[in-house]
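Listed here are the chains, written in short residue letters.
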Amino acid sequence: MFGLKADWSLEVFERYFTIGDYAGGEARWCPGCGDHAVLSAAQRVLRDEQQKPELSVCVSGIGCSSRMPHYLGTYGFHGLHGRALPLACGVKSRRPDLDVWVATGDGDCFSIGTAHWIHALRYNMNMTLMVFDNAIYGLTKAQTSPTSPIGLKTNTHPFGAIIKPHNPLTVTLGVTNVSFVAQVVDWSPPLLYETLRAAYRHRGTGFVRIIQRCPVYAEKVSKELQADPSRFLLLEHEQGVRVDPGVQHQFPERLEHDPSNLVRAFELCADQSRIPIGLIYHNPDAPCYEDMSSQGIEMTSNERLKRFDALLDRITI
Amino acid sequence: MSRATTSPQEPGAQGETDTEAVADVQCIGEHIVEIVSDSGEGAQKAGQTFGTVSARMGNGVWTVEIIPAEIQPPARSPAGASGIRIRLASHYVTNMGDEADTVVAFNEQVLYSRVATGAYKKGTVVLLEDKWREDPVPEIRAQYAKAVMEFRENGLIVHELPIENACREIMSNPRRGKNMFVLGMLCHLYSRDIRKAKDEIATTFKRKKADVIALNHELFDAGLAFATEHLKTRYEIPPQPPEETEGKRFIVTNGNQAVGLGVMASGMELVSMYPITPATSASHYLAEVFQEVGGFVHQAEDEIAAVGFAIGSSFAGKTACTITSGPGLALKTEMLALAVMAEVPLVLVVVQRGGPSTGLPTKVEQGDLLACLYGEPGDAPKVVIAAATIQECLHFVIMARRLADAFRTPVILLSDANLATGVQPYLRPEPSPDWLAPPVDQSEWDRSVPPYDWDPETGLSPRPIPGMPGGQYILTGLAHTNQSKVAYDSDSNQLGCSMRSRKLAALASTLNPPVVHGDVEGDLLLVSWGSTLGAIEEAVDRAQAQGHRVSSLHLRFLSPMEPGLKEIFARFGKVMTVEINYSDDPDAPLITDETRRYAQLAWLLRAHTLMDIDCWSAVYGHPLQPGMIHNVILERLTAMGKTVDDGGNA
């Protein structure tokens, strides 16, 4: 379609991709950082889906999590703070054949990139959107993030964060045309993998908030969560993500939840007593913006030229 | 323009022109006509139609809209003046000219602001709606009487005419239809081709029902008849010499439409924008027609997202365009730096308006030059070019796309509110396959070639495009090696910066020196850029005709600069830029050689040539006019002791 050489487009002998085909530079995240788990899960999804690495692009903003493209073997775009989504949407706009992943964080997406988060959900372009939420600014060394719990001591709030944290899930669910909302924790690799795979397979923006450990600057936050699995509510449904017995064992509090039920999804996310994990909301039929923005991509140069000439005729005096 | 689909039969129509014999027909070389009104009275539509008819008759034409800053300013307020100026001539026209010769005014108050900007002269004929004389509100009657008296005292020749009354015989709400009536009046006054005018009206209303077209034709005819009855003078403005027009095809657009046409001609498939005055109409035009050539206008959530979206598309192999004005340019700065740093092609069109901050949204200024060159923290070399004419607004987009791809860089194309709103006929482009971007290359990338395989001579490098097997790399705005690996070491950063800078030197080496308008040596050289070309050359021609040794030089490339400037400048006694941006008046309080802040091109040229380049600039919010520049020339020459005896005709 885009001038592929015959030997590639024919695929006479199947190329088989291993995890190594999705590996880039060596990950430089801190030991114990939850980002390593996300990277491995994403690489496994790519391998299991046999996604051609050259047709995959990982776009990111700025922050610890936004280093992810450097550690993948796909194309990558390490952009600007808060601006991963406009860049990613632009990549997809005239190249719907490209598989797009977005790596962003709580500061990147829920603070400086807020406008783009809201509007990208509305565009609902087909991409996998991973928000690594560790409730802290890590790369700039321990400033309060929009999801830092009240009282968390940071360098910008040394006496403790002074306002209540943002609830990104209720905001996300409130956006028109939102199509896939899930939440996971980095310390449940099987659930993380299954959720990312479901987001990858979903046609539209697969929004996955990943509650993620920062052992260096916000250890307290994740330690408390890890110590008390009853804080979580594992969502299960035949239309949800696959949950294996190990995950059920890890999260004993479980709830049957139909992900097509937006009102119930909102209630679950607004309820501060439990943290829902799994697939919260899913609408497989929401329109995707690239179906409109890519109109005309099949037009040949000759055709374009001919039509432009005809257009000029109309304004020729 | 496309032919009218309906062709109403005129009873008793004979021939193509209104040939009714009137004794007093004056043949003239050019005239400037204005229609001024409250907002929403259709003056602009009437004026554009008048301009297009004149263009179709072979005249040189420039029209420019008079735009109030508010959508619905209060009626009958001087600040609410809305309307249009049409300059039509027997020669090619490059600018809006000086004072108007004929003005049609729908009320007397709107004339005040035009008088204040010096739009009129002694002897300007004003055809004034007279219904205010009998207005039920005593205050309005008094205002009207006072204004008419003042205008006459100031030398305007005011004809009070019952325009609305005459329209009321045709329609109950003449406010909505008198523009076509006035068009009829002007077509009589300037001996326009009636058939062409009616065709043009039909084209203007082609989306409306047939009865709407018929009503407008009726109003037009009534205007013709009214003018025949009330106006004793008629003018004839012959077409341009046949060699200027014969065998050539023309299109009539404003500069923003020209930008839209350029986008399509360049093969770009995406314009990503956020609404901002005066840039937006380029996107309006594209939004109407872009899909016909397989393109798409993305209206982003903000200016940053607009440029980010375009950069994303460019990264993926489809070089895209974003169009904005000053405040939007400021917001795009960080993204622009990213495109420079990561060497992503991008076309950024900046339609300049008055600044700083929200400034003068609808008015012209050339105040964004230095922001385009130096707006980003750090060193961010990029190509900056400026269109001098409406036609160049079209062709420079094509050039910008090609430069962006060839040099792997953002290219800024500067336009301004003057070009954006000016309308004129110019040569129809004949599209060429060379203008289009080639299809996205998806062949296998040679893995031994790094993603930034800089040629040390030129800084140029081929670019891997997502989809190319083996080309996988991570684009980053961080300092990076030629492998696009993040690198904080000193050598990598120094090398990256020099390679990006080298590209400008490589481009400069391909440019020709600019051509001097007039003699290549003399007393005074005016240097300019952007939309001021026509007005400046006209002023220089006048001064030359008076025997002054003055020439002008117009720059299209601002980064890199065209070569040979120092040599050109050295042959003139004095070199000064003429610009529409702020500079300190050398005679103002506290201003010395040390404290004086120069106009933007003057700063650049002083640094570029180490020569004492002077400047004249102003930020009145309106386009430069030949008369104004002519005065500047004479003042400077007088100050230099260079005068000629021109017999007092200056």
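Owing to the predicted nature of the structure, the values given are computational and were not obtained by experimental measurement. (Residues numbered from 1 in each chain as written. Chains lettered and ligands numbered in written order. Predicted model: local features only at pLDDT ≥ 70, side-chain atom pairs only at ≥ 80, totals over all residues.)

Engineer: Talk me through the domain arrangement of chain B; I want residue IDs and the actual numbers.
Structural biologist: If you check the domain split of chain B, you get domain 1 (25-240), domain 2 (252-435), domain 3 (445-510) and domain 4 (522-639). Between the C-alpha centres of domain 3 of chain B and domain 4 of chain B there is a distance of 39 Å. (Domains from an automatic or database assignment.)

Engineer: Please provide a residue-by-residue account of unusual backbone geometry, values included.
Structural biologist: Residue threonine 277 of chain B is joined to proline 278 of chain B through a cis peptide bond whose omega torsion reads 0°. Among the structural elements, proline 278 of chain B can be located in the loop between strand 10 (270-273) and helix 10 (280-289). Positive phi, normally seen in glycine, also occurs at asparagine 124 of chain A, with a value near 55°. Inspection of the secondary structure puts asparagine 124 of chain A in the loop between helix 5 (114-123) and strand 4 (127-133). According to the C-beta neighbour criterion, asparagine 124 of chain A is buried, with 25 such atoms within 10 Å. For arginine 408 of chain B, which is not glycine, the phi torsion reads 50° and is therefore positive. Classification of arginine 408 of chain B as buried rests on a count of 21 C-beta atoms within 10 Å. (Helix = DSSP H or I, 4+ residues; strand = E, 2+ residues; numbered from the N terminus. Buried ≥ 20, exposed ≤ 12 C-beta atoms within 10 Å, placed from the backbone.)

Engineer: Pulling in residues and values, what's your account of the sheet that holds strand 4 of chain A?
Structural biologist: Strand order in this open sheet of ten strands is 10(A)-9(A)-11(A)-7(A)-8(A)-4(A)-3(A)-1(A)-2(A)-17(B), and the pairing throughout is mixed. In this open sheet, the two edge strands, each paired with only one partner strand, are strand 10 (254-256) of chain A together with strand 17 (474-476) of chain B. Taken pair by pair, the neighbouring strands of this sheet meet at an average axis angle of 20°, ignoring direction. Pairing analysis gives four bridges linking strand 1 (residues 56-60) of chain A to strand 2 (residues 75-78) of chain A, with the strands arranged parallel. Of the residues in strand 2 of chain A, the one forming a bridge with cysteine 58 of chain A is glycine 76 of chain A. This element, helix 2 (residues 35-48) of chain A, spans strand 1, strand 3 (99-105), strand 4 and strand 8 (205-211) of chain A of the sheet and lies at about 165° to strand 4 of chain A. Each of strand 4, strand 7 (180-185), strand 8 and strand 11 (275-282) of chain A touches helix 7 (residues 189-201) of chain A; the most contacted strand, strand 7 of chain A, lies at about 160° to it. (Pairing = 2+ DSSP bridges. Axes fitted to C-alpha atoms, helices over the stretch in contact; angles between N-to-C directions. Contact = placed C-beta atoms within 7 Å.)

Engineer: Describe in detail the interface of chain B and chain A, supporting the description with residues and values.
Structural biologist: Contacts between the two partners involve 67 residues from chain B, matched on the other side by 51 residues from chain A. Those elements that place two or more of their residues in the side of chain B that touches chain A are helix 1 (43-56), strand 9 (250-254), helix 9 (255-265), strand 10, strand 11 (296-299), helix 11 (303-315), helix 12 (326-341) and strand 17 of chain B. Looking at the side of chain B that touches chain A element by element, the count peaks at nine residues for helix 11 of chain B. Each residue belonging to the side of chain B that touches chain A can be placed in one class, and the counts come to 36 nonpolar, 20 polar and eleven charged. Two strands pair when backbone bridges link them, and strand 2 of chain A and strand 17 of chain B are joined in this way by three bridges, in the parallel orientation. Across the sheet, residue glycine 76 of chain A finds its bridge partner in strand 17 of chain B, namely isoleucine 474 of chain B. (Nonpolar A, V, L, I, M, F, W, Y, C, P; charged D, E, K, R; others polar.)

Engineer: Just give me the short version of the sheet that holds strand 22 (residues 614-617) of chain B, but keep the residues and values in it.
Structural biologist: Residue and element names in this part refer to chain B. Spatial strand order, 19-18-21-22: four strands in an open sheet with parallel pairing. Looking at which strands have only one partner, the edges of the open sheet turn out to be strand 19 (550-555) and strand 22. Pairs of neighbouring strands in the sheet enclose a mean axial angle of 25°, with direction left out of account. When strand 18 (residues 522-529) meets strand 21 (residues 572-579), the two strands line up parallel, connected through five bridges. Residue pairing across strands places leucine 525 opposite valine 575, the latter belonging to strand 21. This element, helix 17 (residues 533-545), spans strand 18, strand 19 and strand 21 of the sheet and lies at about 165° to strand 19.

Engineer: Help me get a handle on the environment of lysine 131 of chain B, residues and values and all.
Structural biologist: All names here are of chain B. Here lysine 131 shows up in the loop between strand 6 (125-129) and helix 3 (138-153). For lysine 131, a count of 19 C-beta atoms within 10 Å gives the class partly exposed. For lysine 131, the contacting residues outside a window of four places in its chain are Pro162, Glu164 and Asn165.

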